[in-house]
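# Reading the structure
Each chain is listed here by its residues.
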Amino acid sequence: MDDSIPQLLTYDDAALDTEFTRLTNQVQVDVTFLNSYEDRERFRLDWLGRKQGRLKLISEAWLKSAPPEAKKALGIRFNQLKQKIEAVLEAPTTASQESAVQGIDITLPGALRTPGIPHPLLKTMHEIVSVFHHLGYSTNLGPQVESDFYNFEALNFPPNHPARDTQDTLVIANQQTRPSRDRLLMRTHTSPVQIRTMIAQVPPIRIVIPGKVHRNDAADATHSPIFHQIEGLCVDTNITFSDLKGTLDHAMKALFGSDVKTRFFPSFFPFTEPSADVQISCIFCGGKGCRKCKHSGWIELLGCGMVDPAVFAAVTAERRKINPADDAYNPEKITGFAFGMGVERIAMMLHGVSDIGHFYSGDMRFLDQFA
Ligand code: PHE
């Protein structure tokens, strides 16, 4: 940077233009070095500083000693230079080099903004939910901090019943003084939203419930203490086990391809009777048997069953607190089915992911593959 302010020998327009062009060029050069706040501050002091700033020195060296007839021409050029410097300081840092003094270089590549993508788990959830939306289901959500009543009791898990041991529960602290049905916990499944929905709505009901659930499980390649489920509930007159089979068979074919077969195995859940585990023919070997299906040809994917009359009874007891004559869920007239599936497991199968932890790691090398 050249700090010297030369002596002006003449004050004619040509001489003034030469000097001010030189100064403007100097500003342009300085601007290309403005990369930080400190650079800009140094630039400001260098040109506009009250005592030693160049404009101050120029004003002293040239303006004061100028002959009266040259003062106007000098003043105009002086103000133009000052405005340029101020414009540099007002421009946003990154744009200052380009726009304030040099103009915009349209040959530079644009700033690339990569749009975000849905997380693979959310994408899988949307895919599953949309299969059921096409069947006329709507979506319901519920809280992750849930009461014992909704998560267990109304679903026919009595207090201290061993069935609770299958869902190792994370409980909220300091609840011992509350009645057991009001104690808070992290919901272990999405099934409590079945109860919330039935208390609030009369049949016919067709809903899917996607959401986060929590269990006190140690993390390994296939387990995570926080994971996702999608629950389904269909309640109406004349709903049979055949409807359940047909619905889930269709859903599995829609998700995994029309070649996929399903089979239903007897199982147990306190809130469904009869209950079943659903298996699909192995999507990796087509059912011939491979390492992925442990050479059985089948992969277990979800739980389901017909809504247990005890669940309707719990719902009716709640509804009767508001309307003692309520009979919307009379098990003589109303039946239903429910199902629940793990989203991670399905996403891992669809995308060949071998470790559940990848979904939560935030590692861009993993996530980028779904863009
Ligand atoms: N809530 C059960 C679980 O988390 C799954 C399920 C839902 C089973 C609905 C049957 C009916 O294990």
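Look up: the structure comes first, before these words.
None of the values given here were measured: they were computed from a predicted structure.

This part is about the site of the ligand. Lining the immediate surroundings of the ligand are 15 residues, of which His-189, Ser-191, Arg-215, Gln-229 and Phe-339 lie closest. Contacts to the ligand include His-189, whose side-chain N or O atom sits 2.9 Å from a nitrogen atom. Take Ser-191: an N or O atom from its side chain is 2.9 Å from a nitrogen atom of the ligand. Within the complex, the protein chains bury 92% of what would otherwise be the 330 Å² of accessible surface of the ligand. Counting atoms within 2 Å of the grid points, the majority share of the ligand lands in the largest pocket. Sorting the residues of the shell around the ligand by element identifies strand E5 (226-236), strand E8 (298-307) and strand E9 (335-342) as the ones contributing at least two each. The element contributing the most residues to the shell around the ligand is E9, with 3 residues. Considering only residue class, the shell around the ligand consists of 5 nonpolar, 8 polar and 2 charged.

Bringing the packing of aromatic side chains into the picture now. Overall, the coordinates contain 12 aromatic pairs when judged by the stated rule. Geometrically, the ring pair formed by Phe-157 and Phe-271 is tilted, given 5.9 Å between the ring centres and 35 degrees between the ring planes. Of this pair, Phe-157 sits in the loop between helix H7 (148-151) and strand E3 (184-186) while Phe-271 sits in the loop between strand E6 (262-269) and strand E7 (272-281); the two residues are 114 residues apart in sequence, bridging distant segments of the chain. Judged by its relative accessible area of 1%, Phe-157 is buried. Taking 6.1 Å as the distance between ring centres and 70 degrees as the angle between the ring planes, the aromatic pair formed by Phe-241 and Phe-264 counts as edge-to-face. With Phe-241 in helix H9 (residues 241-256) and Phe-264 in strand E6, this residue pair connects regions lying 23 residues apart in the sequence. Residue Phe-241 is classed as partly exposed on the basis of its relative accessible area, which comes to 26%. Here a set of aromatic residues connected by ring pairs shows up, and it is made of Phe-132, Tyr-137, Phe-337 and Phe-339. Sitting above the plane of the Trp-47 ring, Arg-54 keeps its charged end 4.6 Å from the centroid.

What counts, and where the lines are drawn
Residues numbered from 1 in each chain as written. Predicted model: local features only at pLDDT ≥ 70, side-chain atom pairs only at ≥ 80, totals over all residues. Heavy atoms only, no water. Near = heavy atom within 4 Å. Polar contact = N/O pair within 3.5 Å; in protein donor to acceptor, adjacent residues only side chain to side chain. Areas by Shrake-Rupley, 256 points an atom, 1.4 Å probe, with all protein chains shown as cover. 1 Å grid on protein atoms, 1.4 Å probe; cavity = no way out; pocket = protein on both sides within 12 Å on 5 of 7 lines; lining within 4 Å. Sits in = over half its atoms within 2 Å of the grid points. Helix = DSSP H or I, 4+ residues; strand = E, 2+ residues; numbered from the N terminus. Nonpolar A, V, L, I, M, F, W, Y, C, P; charged D, E, K, R; others polar. Phe/Tyr/Trp six-rings, centres within 6.5 Å; stacked < 30°, edge-to-face > 60°. Buried < 20%, exposed > 50% of the residue type's maximum accessible area, 1.4 Å probe, protein only. Lys NZ or Arg CZ within 6 Å of the ring centre and 35° of its normal.

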